[in-house]
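Each chain is listed here by its residues.
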Amino acid sequence: MKFKILSGDGNARTGLLTTNRGKIKTPAFMPIATSGAIKGGVSSEDMRGLKSEIILANTYHLHLRPGEKIIKKGGGISSFMGWDGPVLTDSGGFQVFSLSSIRKITEEGVHFQSHLDGSKIFLGPEESMKIQHELGADIIMAFDECPPSTAGKDKIALAVQRTSAWAKKSIQTHTALCKKGKESPALFGIVQGGAHLDLREESLAEIVKLPFDGFALGGLAVGESEKEMYETIRAIAPKMPEEKPRYLMGVGTPENILEAVENGIDMFDCVLPTRNGRHGKAFSSIGDFNIFAEKYATDFSPLDPNCECPVCKKYSRAYLRHLHKSGEMLGMRLLTIHNLHFYLDLMRKMREAIEKGEFQKLKKRVMKGRTRKG
């Protein structure tokens, strides 16, 4: 993997990330394909049409079903899902947070009870690396512990210690799995610490000592306030190694992404565009709105008059409301496509603005438009 910074505007920057399966222009947004599919009925062909350059898949869920060995036989995750571009897999560490009711953490890793059939599963740094290598992802993540921000400081400090120990084991296993002469995935390390800046600094100091190909900020958007999130991003992101890609995991709204890009973040993922699309909520340049509202029953204008996506070019708010009210799958699919286009197009606009030295102008314009009611 190679990463080259192309331009800058303050701390905001554009770059080019070259992976085994293609190049990614940064800042970049990664749509989430948890189980090898974008929720809402969006296909790999749709994603190429939307000019997505990378997607994210989930190690834990793919391990449970269909299993990494089947995916490996299918040519790896990209081939298996009919996607010809790069894929990033998370480590499974987020499930330490999200599946707290069916897991037990030890110094070696995490014992899970499968949410599918109740079977027992163990996932540690060695297991996570082996699974991700077999999945055939282009970028893989070190195994970490992601505590909720509402946890006590002692618990978050312990998670920082475990994350550092697991990062070292992840590198050891990854290095052993990499074969000479064969294309190997890039490995990113993760900085934890909740909303405690001293713990974030401690985690950052430990993780950047290790030979990772990129670095991520994890453990945000898990219970802390937006103010605390921004304070953490502003304090830590600019201190992450400048010459390597910086990834903010699981964040967030368009406003969150603008703030993070302003502070030097290069990569993002979030469930919001797909989740909101499935529930009738649209992102737009003139304010977000819920398509179920009665006033849209006879509104024959596009979702967003400033949008060039295939949905806004062809379908009205009234029709999209009808589809959602009728429970038609097409409604979820079309709104999800629109939302993904909105996010991906926002990233493109940010890259162009940074290249011109006009990021602040873009940020003010976008923020002003999104305070309106769609």
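Figured I'd write up the structure that's included with this text. (Residues numbered from 1 in each chain as written. Predicted model: local features only at pLDDT ≥ 70, side-chain atom pairs only at ≥ 80, totals over all residues. Heavy atoms only, no water.)

Here we take up the pattern of salt bridges. For the coordinates displayed, the defined rule picks out 24 salt bridges. K72 serves as the salt-bridge partner of E134, at 3.9 Å between the closest nitrogen and oxygen. Separated by 62 residues along the polypeptide, E134 in helix α6 (residues 125–135) and K72 in helix α3 (residues 68–73) bring together distant segments of the chain. Salt bridges sharing partners connect three or more residues here, namely R234, E259, E262 and K363. (Salt bridge = Lys/Arg side-chain N within 4 Å of Asp/Glu carboxyl O. Helix = DSSP H or I, 4+ residues; strand = E, 2+ residues; numbered from the N terminus.)

With that settled, the discussion passes to the nonpolar core. Counting residues in each nonpolar core, the largest one holds 83 residues, and the members touching the most others are F29, F212, L248, F268, L303 and M350. When residues in this core are grouped by element, the largest group, twelve residues, is from helix α14 (residues 329–356). Sequence-distant contacts of L303, defined by excluding residues within four places in its chain, comprise A282, S284, F289, I291, V311, C312, R317, L320, L335 and H338. In terms of nonpolar packing, the next biggest core, distinct from the first, is built from 18 residues, I32, I54, M249 and M267 among them. (Core = buried A, V, L, I, M, F, W, Y, C linked by side-chain atoms within 4.5 Å. Buried < 20%, exposed > 50% of the residue type's maximum accessible area, 1.4 Å probe, protein only. Contact = heavy atoms within 4.5 Å.)

Bringing the pairing of strand β11 (residues 186–191) into the picture now. Counting buried residues along β11, six of its six residues qualify, which places the element largely inside the surrounding structure. Side chains of β11 alternate between two faces, with A186, F188 and I190 and L187, G189 and V191 buried alike. Summarising the sheet, strand β10 (residues 139–141) and β11 pair through three bridges and their orientation is parallel. Across the sheet, M141 pairs through a bridge with F188, a residue of β11. (Pairing = 2+ DSSP bridges.)

Turning next to the packing of aromatic side chains. The final tally for this structure, using the stated rule, is nine aromatic pairs. A ring pair is formed by F289 and Y296, whose centres lie 5.1 Å apart and whose planes are at 45 degrees; its orientation type is tilted. As far as burial versus exposure is concerned, F289 and Y296 are alike and both buried. Through successive ring pairs, a cluster of aromatic residues spans F29, F283, F342 and Y343. In this structure, R48 packs its charged tip against the face of W83, placed 4.4 Å from the ring centre. The ring of F289 has R317 lying over it, and the distance from NZ or CZ to the ring centre is 4.6 Å. (Phe/Tyr/Trp six-rings, centres within 6.5 Å; stacked < 30°, edge-to-face > 60°. Lys NZ or Arg CZ within 6 Å of the ring centre and 35° of its normal.)

As for its placement among the helices and strands, T106 is situated in the loop between β7 (103–105) and β8 (110–113). Each residue touching T106, except ones within four places of it in the same chain, is listed here: H111, F122, R162 and W166.

Moving on, we get to the sheet that holds β8. Strand order across the open sheet formed by three strands is β7-β8-β9, with antiparallel pairing between neighbours. The open sheet terminates on both sides in strands that have one partner only, identified here as β7 and β9 (120–123). With strand direction ignored, the average angle separating the axes of adjacent strands in the sheet is 15 degrees. Sheet topology note: the β8/β9 ladder contains four bridges and is antiparallel. The residue of β9 that forms the bridge with H111 is F122. (Axes fitted to C-alpha atoms, helices over the stretch in contact; angles between N-to-C directions.)

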